[in-house]
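Structure at a glance
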Amino acid sequence: MTSNKTLTMIKPGAVNNKHIGAIIDRIERAGFRIVAIKSLKLSKEAAQEFYQEHAERPFFNDLVSFMSSGPIVAAVLYKENAVQDFRKLIGSTDPNDAEEGTIRKDFAESKSKNAVHGSDSDASAERECHFFFSTIDYLEVLK
Ligand code: CMP
């Protein structure tokens, strides 16, 4: 059974380039309901914790520095088959490989500054939604 919830972050580069509105517009037009949303700045420690599964990767320190370099927007998105459909909407990690019309193709600067994050599995979505939000933040919205 697939869950219908995913977590996105609009990353510091896209926020700095004033793409919040355009990206949210794409997300809503694609049929996702934004059920919880906030703007915040991650500390280095929080970025390390969020991306803990990549701790051994060579790009980890750069990823943490970038993700804590400025404000982000975090949101919980609802839609049937949310994880898969959102990954399709944002495109490949590297914008050079992303399909035309995807969010990363249009807004990413590079593989490391790739505009948005999307959960890669239902288990990740569960963990990542709880990283930023409490279930009570969106329980009533879903009724
Ligand atoms: P994201 O979907 O947020 O999940 C992990 C992030 O690590 C990814 O987007 C990229 O921004 C970054 N990343 C993954 N692979 C590489 C890589 N080879 N070089 C630099 N950054 C990477």
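Everything numeric in this text was worked out from a predicted model, so none of it was measured.

Counted according to the given criterion, the structure contains 5 salt bridges. Among the ionic pairs, Arg26 bridges to Asp106, the shortest N-O distance being 2.8 Å. Here Asp106 lies in helix H6 (residues 103-107) and Arg26 lies in helix H2 (residues 20-29), a separation of 80 residues in the sequence. Overall, Arg26 belongs to the partly exposed group, its relative accessible area being 26%. Salt-bridge contacts for Asp85 lead to Lys79; the nearest nitrogen and oxygen are separated by 2.6 Å.

With that settled, the discussion passes to the packing of aromatic side chains. This model, assessed by the stated rule, comprises 7 aromatic pairs. For the ring pair Phe50 and Tyr51, a centre distance of 5.0 Å and an interplane angle of 80° mean the geometry is edge-to-face. Its relative accessible area of 6% is what places Tyr51 among the buried residues. Pairing Phe50 with Phe131 gives two aromatic rings, centres 5.2 Å apart and planes at 80°, and the pair type is edge-to-face. Of this pair, Phe50 sits in helix H3 (residues 44-50) while Phe131 sits in helix H7 (residues 122-132); the two residues are 81 residues apart in sequence, bridging distant segments of the chain. Given the relative accessible area of 2%, Phe50 is considered buried. Put simply, the rings of Phe50, Tyr51, Phe131, Phe132 and Phe133 pair up and form one aromatic cluster. The residue whose ring lies beneath Lys38 is Phe133, and the NZ or CZ to ring-centre distance is 4.9 Å. Cation over ring: Arg127 sits above Phe50, and NZ or CZ is 5.6 Å from the ring centre.

What counts and how
Residues numbered from 1 in each chain as written. Predicted model: local features only at pLDDT ≥ 70, side-chain atom pairs only at ≥ 80, totals over all residues. Heavy atoms only, no water. Salt bridge = Lys/Arg side-chain N within 4 Å of Asp/Glu carboxyl O. Helix = DSSP H or I, 4+ residues; strand = E, 2+ residues; numbered from the N terminus. Buried < 20%, exposed > 50% of the residue type's maximum accessible area, 1.4 Å probe, protein only. Phe/Tyr/Trp six-rings, centres within 6.5 Å; stacked < 30°, edge-to-face > 60°. Lys NZ or Arg CZ within 6 Å of the ring centre and 35° of its normal.

Nothing here speaks to function; it is geometry throughout.
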